[in-house]
Every structure is written in C-alpha cells, then in structure tokens.
Amino acid sequence: MGLLCGRDLVFGFLLFCVLSSVSVGLAAPCAFPAIYNFGDSNSDTGGISAAFVPISAPYGEHFFHKPAGRDSDGRLTVDFIAERLKLPYLSAYLNSIGANYRHGANFATGGSTIRRQNETIFQYGISPFALDMQIVQFDQFKARTADLYNQVKGTPEADKLPRPEEFSKALYTFDIGQNDLSVGFRLGPDQLKAALPDIVNQLAAAVKHLYEQGGRSFWIHNTGPFGCLPVNLFYVSNPPPQGYLDGLGCVKAQNEMSVEFNRQLKDRVTKLREELKEAAVVYVDVHAAKHGLIANAKRLGFADPLKVCCGYHVKYDHIWCGNKGKVNGSEIYGGSCKDPSVYASWDGVHYTEAASKWVADQTQNGSLTDPPTRITQACHRL
C-alpha cells in the first residue's frame, strides 16, 4: 500500500509539472505596447553617450555599422527582448535627438548602480544615474509625456509619445547590479557582503514604486559571473596557484559573491511576488546562461571566453577598445578582431552581440526563469 501511494505521489507530481508547463505554453501571448528598461551598460542603448562622451567606433559597427550608444559590437539582450516582442529598439531617455518613445524608453546608463555611490564617472566610470535617479526620471517622463500627449493628440507629434493608458500594460525590465559588485570589490569582500541586503532591497523598492505607478509586469535579470569578465585578469599575471581561480579560469571569490548576490535577489523577488498581489514578477537567471556559455564556449562555436575581441591587451600593455596608445614607442590602436561573432567578450567587460543573443535565446523561452515564463507571456501572474 505504501509503495502504491508513493508511486501515486510521484505520478501526481510529474503530471502537475507536465500540466503546468503545458498551461504556460498555452497561455495567451501578452500584447505589450511598450518596454521600460532600467539598468547599466549591459542594457544601455545610448544614455551614457548622450550624457557624457559618445561611445566611439568600433563599437556598434558589426550590426549597426556605426556607433549606436551600446557597449558592444552590436545588439544587447534588451534589443533582442524588443525584437521578440515585435517592438522597436528602445530610445534612451537622455537622448534628445531622434528619439521615439511611442513604445517605451530606456533609463539605463553605462556605469549605473542600484545604490548611489560616492564617486564620479571620471574616477571609476560609475554613472551619476543610479537606480533611484532612473526611477525619478521615469516619474517625470510619465507625467510630462501624458501632459504633452494631451496637447498634441491627433497630430503627427503624438506618434513619438507613449499613450498614457499603456503604462499599466507595459513590460518593465531590470538589468542592474554588476557595478554594485564592482564598487564593493574595491572596498573589500566583508563590506560588500554586508551591503548586499540593502542593495537588493533598494531594487525591490524601485519595483514597488513602479507597481504603485501602475506597472504590473516585471522582468528582472540577475547578474552574471563577475569573476569571468576578462578585465579581472588583465592585471593578474601570476595568480596564486591554489584557490584564486575556479575550474573555468575565472576569479573564484568574485564568482562566489555574484552567486550570493543572486541568491539574495531571488529571495527578495519571491517576496515581492507575494507583496504585489496584482503583478507578474519574473526572476531571470542570466547568470546560468552566461556561465553555461563560458563553460561550453568551444562546443558552442565560441573562442576562449576569457579572451577579448576588441582592444590590445598583451602582458602589461593595455589599450582599451577604440583607443590609441604607445607600446615600445609604436602607436597601437585597440581595434576589433576580424570576426566578433566567435567571441563571447567584446572589450573585457561587455559581451558581444553573438553572446548576448545566445543569452537572450536561453532566457526568453522560460527555461531559466522563476516562475517558468516565456517573455511573450510575462504579463500572466503564475
């Protein structure tokens, strides 16, 4: 009798899993009219270029054939989200020239953090537009575009403005936290670990604020394996023989901190789902996707994932992507590799378009999300 009950329980669980996956697959696609994105350089489509010095060639040239405000050779994961939802690429909120906000806006800027930092962009590249400022900008954007739309409704000018009633139907995406870890590593691991609860709580506060403003669909990326960014090895010519690097050749302690940040973020997102009764809140494990790409790079057709496509980094000489410098008296240009599509890392900090597409494909189908949710169905609360 006990064995039969056990079998029944197992069968019931498997049937529940199958029916759950089928129900997700059969859920009606969401007609998202817009995307509002918050983040850092992993999803910045022109904000930091508009606010400070524009990103120069060879950035953007693989896909856009010119610099396009993105820290990559082409498209970012947020661009692939827009494509999947059949929406235009997002204009940066800070970009005053040629912007179109009919289907959303991008508040992300390169170097942004969740928590405000007591640094300037000219010291360590940290943006003044931390997440709380991006939320303030969103509030202003929402209020001012609604006022302007009511003034120009029915004219061609209205075609570049969001519809006030569509903010509640939009998808709100987050890809931020990597720079909080970067700042924390400079301060020390103990101080960073102590700060993690406040960091994830501030992200949660931003989501709650958007919910109070009418947002109902949230797609929240965790952070990638920080220790696998090639930049972390540029200045480490002779790493300690034991314990410093993990099995992939990445900085072990940094990757462990990324995992801990993501653990706390996932726990907080789970609580958010309970607190925001009318919201669909999806946690997206981009860490698993990026780690999988790095671990299986050769099998997937990529070169060594710890090598960079753009820039000159040989021994103690480092000339960053798009810059010029002198090595042994000769001028060297930090140019692009011949084929960025076989590289995972573009410039040592940011991923190539090919890597971003692979990550997008792995995460948008719901296999690496909690709850399992395709991005086209992310308006459904599960």
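Please refer to the structure higher up on the page.
Residues numbered from 1 in each chain as written. Predicted model: local features only at pLDDT ≥ 70, side-chain atom pairs only at ≥ 80, totals over all residues. Heavy atoms only, no water.

**Details of the overall build of the chain**
- A tally of helices and strands in the chain yields 11 helices and 10 strands.
- For the chain, the spread of C-alpha atoms along the principal axes amounts to about 70 × 70 × 40 Å.
- With 382 residues in all, the chain has 52% of them scored as buried.
- Considering only contacts within the chain whose residues lie at least 6 apart along the sequence, 71% involve residues at least 24 apart.
- Within the structure as shown, the chain displays about 18100 Å² of accessible surface, and the carbon and sulfur contribution to it stands at 55%.
- For the chain, the centre of its 37 positive side-chain charges and the centre of its 37 negative side-chain charges are spaced 3 Å apart. (Helix = DSSP H or I, 4+ residues; strand = E, 2+ residues; numbered from the N terminus. Buried < 20%, exposed > 50% of the residue type's maximum accessible area, 1.4 Å probe, protein only. Contact = heavy atoms within 4.5 Å. Areas by Shrake-Rupley, 256 points an atom, 1.4 Å probe, with all protein chains shown as cover. Lys, Arg positive; Asp, Glu negative; His and termini not counted. Charge placed at Lys NZ, Arg CZ, Asp CG, Glu CD.)

**Section: the pairing of strand S9 (residues 330-333)**
- Pairing of strand S8 (residues 324-327) with S9 involves four bridges; the strand directions are antiparallel. Directly across from Gly325, in S9, lies its bridge partner Ile332.
- Between S8 and S9, which pair antiparallel in sequence order, lie two residues; one of them, Asn328, sits at a positive phi of approximately 55°. (Pairing = 2+ DSSP bridges.)

**Considerations on the packing of aromatic side chains**
- Within this structure, the stated rule accounts for 23 aromatic pairs.
- With 6.2 Å between their ring centres and 75° between their planes, Tyr93 and Phe141 make a pair best called edge-to-face. With Tyr93 in the loop between helix H3 (77-84) and strand S2 (104-106) and Phe141 in helix H5 (residues 131-152), this pair connects stretches of sequence that are 48 residues apart.
- Among the aromatic residues, ring-to-ring pairing joins Tyr36, Phe38, Tyr93, Tyr101, Phe107, Phe138, Phe141, Phe167, Tyr172, Phe174 and Phe218 into one connected group. (Phe/Tyr/Trp six-rings, centres within 6.5 Å; stacked < 30°, edge-to-face > 60°.)

**As for the sheet that holds S2**
- Reading across from one edge, S2-S1-S3-S4-S5-S10 is the order of the six strands in this open sheet, with mixed pairing throughout. At either end of the open sheet lies a strand with only one pairing partner, and these are S2 and strand S10 (369-370).
- Inspection of the sheet shows strand S4 (residues 217-221) paired to strand S5 (residues 280-284) by five bridges, in the parallel sense. Paired with Ser217 across the two strands is Ala280, which belongs to S5.

**Some points on the state of the cysteines**
- Evaluation of the coordinates by the stated rule reveals four disulfides.
- Residue Cys30 pairs covalently with Cys379 via a disulfide, S to S 2.0 Å. On the sign convention where negative is left-handed, the bridge of Cys30 and Cys379, at about -85° about the S-S bond, is left-handed. One end of the pair, Cys30, is in the loop between helix H1 (2-26) and strand S1 (35-39); the other, Cys379, is in the segment after S10, with 349 residues separating them in the sequence.
- In this model Cys309 forms its disulfide with Cys337; the gap between the sulfur atoms is 2.0 Å. Residues Cys309 and Cys337 share a disulfide whose torsion about the S-S bond is about -90°; that sign makes it left-handed. With Cys309 in the loop between helix H10 (286-295) and strand S6 (312-314) and Cys337 in the loop between S9 and helix H11 (353-363), this pair connects stretches of sequence that are 28 residues apart. By the burial criterion, Cys309 is buried, and Cys337 matches it.
- Here the cysteine-cysteine linkages of the chain are recorded as 1-8, 2-3, 4-7, 5-6, numbering only bonded cysteines and doing so in sequence order. (Disulfide = S-S within 2.5 Å.)

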